[in-house]
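Letter by letter, the chains look like this.
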Amino acid sequence: MGGADVGLAGVIGMRGRGVRASRCGLPAGAAGRALLALALLTAALALPAFAADLPPLQPVTLPDPVATPRAVLSLVAGSAEAEPIAPAAPTPAQAEHPARLPVLAANCLSCHPKLGTKSRGGFAPLGGAGLVDLSRLPPVRIEAALRAFRASPRAGTVMPRIARALDDDDIAALAHAFR
Amino acid sequence: MRSADAGRRRVLIAGVAVIGANAAASSSRPATAPAAEPVAAPVTAGSPRAAMASATSIAPTARVVIVGGGFAGATCARLLRQLAPSIAVTLIEPRARFITGPMSNALIAGIAPAAAVTHGPAALAAVGVEVIPLAAVEIDPVAHRVRLADGRWLDADRLVVAPGIAVRFGSIDGLDAASSDRMPHGWLGGDQLGLLQRRIADLRDGATVVIGAPQNPYRCPPGPYERASLIAWALARRMKQFRIVIADGKDDFTKRRLFQLGWDRLHPGRIEWLARAAGGEVVGVDAASGEVRLASGERLRADLASIVPPQRAADVAAAADLVDASGWCPVDPAGFESTRHAGVYVLGDAAIAQPIPKSAFAANSQAKLCAFVLAAELAGRPRPGTRLVNTCYSLLAPDEAISVSAVYGAAGGQINVISDGQSEVAASAGTRLHEARSAWAVYAGLIAESFGD
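This report concerns the structure included in the present document. A quick note: this is a predicted structure, and the numbers were derived from the prediction, not measured.

With that out of the way, let us pick up helix α10 (residues 429-451) of chain B. Residues and elements named next belong to chain B. Helix length check: α10, at 23 residues, gives a terminal C-alpha distance of 33 Å against a target of 33 Å (1.5 Å per residue), a fit within 8%. For α10, the tally of buried residues reaches 18 of 23 residues, placing the bulk of the element in the interior. Looking one or two residues past α10, G452 carries a phi angle of roughly 60°, positive in sign.

This is the structure in structure tokens:
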């Protein structure tokens, strides 16, 4: 696996180590879990970067992530641009690197490719934003979104079906897979 | 998919979804797409090894030759180059660009311009893939060699075969390669899509359209039904009366309830689905007069008939002894290596990957897995774990889409569904619109990830 991971790192810049939730200011323990659940719901509803997979639950005009990436990132706690990710010791799950992780992460990119500077975004007859560039999302937001999608089929259209296939280790590792 | 038992059939139906036909390249076919053009600057002059060496400044450690530059072959070539720069990757595909199966129904209904749905592997040369713009005419699955249309043989350490499908004439009386152009299916891309587009545009008020849907397995399971939806949308804009009949060789189809509820709402009484059990299977045609004969004995007079024939793996795979009695290629799902010939990997629509549908998205996913497996094997490392994903949208109208998704694993040579689901029957108009936007966004992502285009 080590070799494949090195290979993946070349493709999607995966980091074997990254920031754990606690390093991003999320509390641990039962109270923390309650807060986290609230945060997840908030993330699922307000995360404009995932807007392309969210049904219009409220009459709110979501920012266009392509047109206003800064606005999107400013809504993200611990924005990747504002706060560089500090190296941290990997959790056991991350260190273990499930052998399926590189393949899983590569599949995420099929809908969420890294947007290059020359990205054209493709034909969009209905307007609307493309899907989020995962490399622009801090790990804590990816993890929060995946947990929210996994928890509720109403949190999106396609993503809840996919997130149900992920276990906690998958989600923890995927959160850091796109940086 | 050969002898699907009831359980598997159910899983397939629940997990299937595709947009239009996957246009995996048929290397046994000449370049016939209207958009086909020669690859501008083939990297084929001189020895491929020399070309690779100059591109990477290191001698290649292994050579992988990929037959077919559709979604499967192109994705595998592209990712393998990224994972293992020391591996020389050669992609054999005669077409620089082609109209993709996904979104081809949007093209023929006048929703998307040809340029929006025309892509191909030409850009892969820029990432170090040697793209050879010729057909592969013969594969030696034992010696791992491929013969090109110009007579050259290419040797490889590993072969990847992603040739797409061939249509199977013979079961429908009167339908053959020549007459099929008068009842065009477009399932292989190419000129028939242009024919369909013109024929739809020429239909007049009161027209009857017959779509023949084949038995399983075939490329793009929801394709015939998306086609019915979008032709109905196009006709409803300019006609008072029209009738669309889907004559089916099977008794169920992917997303059936979602499709039928959409038809009832958008085009009440105008789209009829005739199941096989109701005698709906097309058994014969008279292409000159537009007559379509059904198993029930009914004769339909079509102003436009689009008869999608039964299918099998492309000729080049069959000739290479990669198919079994079903006409498709059995593989080990842990990496899509052929179970008939070691060192040969079969990807995309040609492979037996039940219960994964034959979709472009699935082809892309299979190719990614295969690229990881090849990179690991050729470096002497353990294989990665197996995860495969499919997500596909079908357009009910330009501003409405439905989708299915599934995640798969593999164990004991079998593919298992880990999670799946499809659009809610009661979804709001806003959600359907949102899914239509997502359909185009996912298409763009898939194109970028497959072709770097």
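Residues and elements named next belong to chain B. Spatial strand order, β14-β15-β16: three strands in an open sheet with antiparallel pairing. Each edge of the sheet is formed by a strand with only one pairing partner; in this case those strands are β14 (282-286) and β16 (299-301). Averaged over all neighbouring strand pairs, the angle between strand axes comes to 20°, with direction disregarded. Sheet topology note: the β14/strand β15 (residues 291-294) ladder contains four bridges and is antiparallel. Bridging across to β15, V285 finds its partner in V292.

All names here are of chain B. Pairing of strand β1 (residues 62-67) with strand β9 (residues 158-161) involves four bridges; the strand directions are parallel. The residue of β9 that forms the bridge with V64 is R158. Summarising the sheet, β9 and strand β21 (residues 344-346) pair through three bridges and their orientation is parallel. Bridge assignment links L159 to a residue of β21, and that residue is V344.

Residue and element names in this part refer to chain B. In the contact formed by helix α9 (residues 360-378) and α10, the axes pass within 11 Å of each other and the chain directions differ by 35°. The hand of the α9/α10 crossing is left-handed. Contact residues: A360, F361, N364 and K368 in α9; V442, L446, E449 and S450 in α10. Residue composition of the contact of α9 with α10, by class: four nonpolar, two polar and two charged.

Moving on, we get to the interface of chain A and chain B. Residue-level contacts link 41 residues of chain A with 51 residues of chain B. Here chain A packs against chain B, burying approximately 3600 Å² in sum over the two surfaces, 65% of which is carbon and sulfur. Among the residues of chain A in contact with chain B, F123(A), L126(A) and R161(A) are the three that bury the most area, contributing 20% of the side total. A salt bridge links R154(A) to E424(B); the shortest N-O distance between them is 3.3 Å. The interface formed by chain A and chain B includes twelve residue pairs in polar contact (both at pLDDT 80 or more). For the side of chain A that touches chain B, the secondary-structure elements that each account for two or more residues are α1 (2-12), α5 (101-111) and α7 (158-163) of chain A. Ranked by residues supplied to the side of chain A that touches chain B, first place goes to α5(A) with eight residues. Partitioned by chemical class, the residues of the side of chain A that touches chain B number 25 nonpolar, ten polar and six charged.

Parameters at a glance
- Residues numbered from 1 in each chain as written.
- Chains lettered and ligands numbered in written order.
- Predicted model: local features only at pLDDT ≥ 70, side-chain atom pairs only at ≥ 80, totals over all residues.
- Heavy atoms only, no water.
- Helix = DSSP H or I, 4+ residues; strand = E, 2+ residues; numbered from the N terminus.
- Expected span 1.5 Å × (residues − 1).
- Buried < 20%, exposed > 50% of the residue type's maximum accessible area, 1.4 Å probe, protein only.
- Pairing = 2+ DSSP bridges.
- Axes fitted to C-alpha atoms, helices over the stretch in contact; angles between N-to-C directions.
- Left-handed = near helix turned anticlockwise from the far one by under 90°.
- Contact = heavy atoms within 4.5 Å.
- Nonpolar A, V, L, I, M, F, W, Y, C, P; charged D, E, K, R; others polar.
- Buried area = accessible area lost by both parts, 1.4 Å probe.
- Salt bridge = Lys/Arg side-chain N within 4 Å of Asp/Glu carboxyl O.
- Polar contact = N/O pair within 3.5 Å; in protein donor to acceptor, adjacent residues only side chain to side chain.

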